[in-house]
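# Observations on chain architecture
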Amino acid sequence: MNHKKLFIPGPVEVDEGVLRKMATPMIGHRSSEWSELQQRVSEKLQTLMYTRNPIILSASSGTGLLEMAIRCTTAKRAIVFSVGAFGNRWHEIAEGNGVPADKHEAEWGSGTTPEIVERYLSTGKYDLATVTHNETSTGVMNHVEELAEVFRKYPDVLWCVDAVSSLGGAKIEVDKLGIDICVTSSQKALGLPPGLSLASVSEKAKQRAQRIDKRGYYFDMLLLLQYVVERKFQYPSTPSISHTFALDFALDRILNQEGLEARFARHREIAEYVRSWAKRHFALFPKEEYASNTVTCISNTRQISVKDLNGKLAERGFTISNGYGALKEKTFRIAHMAELQKTDLEELFGHIEEILELTG
Ligand SMILES: *Cc1c(COP(=O)(O)O)cnc(C)c1O
């Protein structure tokens, strides 16, 4: 098979061992074997997320749980702090569900600042806020520790975080930061195939949901929680059993074989390497203080054809990502998350330099 190695921000390159676990023979999802598997995976995820909150697994991609969060826990009005396309999606989800919501969209390439959060929360109009931890369209990683200090002053406002393209590649201390709902997908920094997502849910979020009438059905947070907590690690419908086997295996590698600190350090080091390459030959799209440690968005200062570059890379067995939406051809993106090593990036850059005849 003529596989192209993925340097796109999801789906990412999946390790052979993880792929093989996807082929594990099925078990019944009402069996104790399943509950033990779900419990094991949940406990490992709590370690990864630095939380004691229960973990909801969903047989959907991450967007499903973003919808769950904003629909099930906004009683008054939501404020969406957007720094790009995925932040904007959260506002579209609110509108599609009839959830009252406003949006603050930062200039692309910049982050959400504590001042902006303060300005909105101090109006008293909102009881839920969403923040994108890592904005995949612009390569911006928000400084959530700084934002947490503002949220601490407003305990009645639930704080939901989209960590889809960073959880597993960057440290997010959910309980310390006071994040009420933290969402991620399988196909990004966790390094699995797409089709599973997960979220941690605080007690405060659960209590809020009890006041919301129409929570939908498939993404009803209370129903999902009821199956996790009261029915002890069950799922209301049929879970993605294959993903759960693979995740159990992948989390052992992440937590025990590599270790969390080493994993986060590897992501930081590779990100620095990619940024230094980008600055030598092009320029960073985001302000450097916000530059992401899982995906780098590079300004196309040489006016190359990103499409042609990707075509030539494909012949050599590699794929990178064009810019997102309006940033197409104006930027391109190189993901460096999950299991990629620095040598993988060195190899990629070697090919890009040859194709573009870059020197120095
Ligand atoms: C990929 C991505 C999403 C969408 O996740 P899906 O799993 O494709 O539904 C949402 N937010 C961010 C930041 C992403 O990178």
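Computed from a predicted model, the values in this text were never measured in an experiment.

### Describing the packing of helix H2 (residues 32-49) against helix H10 (residues 241-258)
Across the interface, H2 lies against H10 with an axial gap of 10 Å and an inter-helix angle of 40°. In terms of orientation, H2 lies oblique with respect to H10. Considering only the axes of H2 and H10, their crossing is left-handed. Listed contacts from H10 to Trp 34, Leu 37, Arg 40, Val 41, Lys 44, Leu 45, Thr 47 and Leu 48 of H2 are Ile 241, Thr 244, Phe 245, Leu 247, Asp 248, Leu 251, Asp 252, Ile 254 and Leu 255. Partitioning the contact of H2 with H10 into residue classes produces eleven nonpolar, two polar and four charged.

### Let's talk about the sheet that holds strand E10 (residues 197-201)
If you trace the seven strands from one edge of the open sheet to the other, you get E2-E10-E9-E8-E5-E3-E4, paired in mixed fashion. Looking at which strands have only one partner, the edges of the open sheet turn out to be strand E2 (55-58) and strand E4 (101-105). Each strand of the sheet is rotated relative to its neighbour by a mean of 15°, with strand direction disregarded. Where strand E8 (residues 158-162) meets strand E9 (residues 181-185), three bridges bridge the pair, whose relative direction is parallel.

### Some details on the pairing of E8
In regular strands, side chains alternate between the two faces of the sheet. Most of E8 is tucked away: five of the five residues are buried. The two faces of E8 match: Leu 158, Cys 160 and Asp 162 on one face and Trp 159 and Val 161 on the other face are all buried. As paired elements, strand E5 (residues 128-132) and E8 share five bridges and run parallel to each other. Its bridge partner lying in E8, Thr 130 is registered against Cys 160.

### Focus on the domain arrangement of the chain
Split by domain assignment, the chain resolves into domain 1 (5-11 + 259-356) and domain 2 (17-256). Computed from C-alpha coordinates alone, the two centres of domain 1 and domain 2 are separated by 26 Å. Listed as interface residues are 26 residues of domain 1 and, on the opposing side, 36 residues of domain 2. Each partner contributes to the roughly 2,400 Å² buried at the junction of domain 1 and domain 2, and carbon and sulfur atoms together form 60% of this total. Taken together, the connections running from domain 1 to domain 2 amount to one salt bridge. Among the salt bridges present, the one from Lys 171 reaches Glu 261, with a minimum N-O distance of 2.8 Å. Counting every contact that joins domain 1 to domain 2 gives 13 residue pairs in polar contact (both at pLDDT 80 or more). If you tally residues by element for the side of domain 1 that touches domain 2, the top one is helix H11 (residues 260-281), at five residues. Looking at the side of domain 1 that touches domain 2, its residues break down into 14 nonpolar, six polar and six charged.

### Let's talk about the sheet that holds strand E14 (residues 321-322)
Across the sheet, four strands lie side by side as E11-E12-E15-E14; this open sheet has antiparallel pairing. The sheet is open, and its two borders are formed by strand E11 (283-284) and E14, each paired with just one other strand. Relative to strand E15 (residues 331-335), E14 runs antiparallel, the two being bridged by two bridges. Counterpart to Asn 322 in the pairing with E15 is Phe 332.

### A closer look at unusual backbone geometry
Omega for the peptide link from Gly 10 to Pro 11 comes to -5°, which places this bond in the cis form. Within the secondary structure, Pro 11 sits in the loop between strand E1 (5-6) and helix H1 (16-21). With a phi angle near 65°, Ala 338 is a residue other than glycine that sits in the positive phi range. With respect to the helices and strands, Ala 338 occurs in the loop between E15 and helix H13 (342-356).

What counts and how
Residues numbered from 1 in each chain as written. Predicted model: local features only at pLDDT ≥ 70, side-chain atom pairs only at ≥ 80, totals over all residues. Heavy atoms only, no water. Axes fitted to C-alpha atoms, helices over the stretch in contact; angles between N-to-C directions. Helix = DSSP H or I, 4+ residues; strand = E, 2+ residues; numbered from the N terminus. Parallel < 35°, antiparallel > 145°, perpendicular 65-115°, else oblique. Left-handed = near helix turned anticlockwise from the far one by under 90°. Contact = heavy atoms within 4.5 Å. Nonpolar A, V, L, I, M, F, W, Y, C, P; charged D, E, K, R; others polar. Pairing = 2+ DSSP bridges. Buried < 20%, exposed > 50% of the residue type's maximum accessible area, 1.4 Å probe, protein only. Domains from an automatic or database assignment. Buried area = accessible area lost by both parts, 1.4 Å probe. Salt bridge = Lys/Arg side-chain N within 4 Å of Asp/Glu carboxyl O. Polar contact = N/O pair within 3.5 Å; in protein donor to acceptor, adjacent residues only side chain to side chain.

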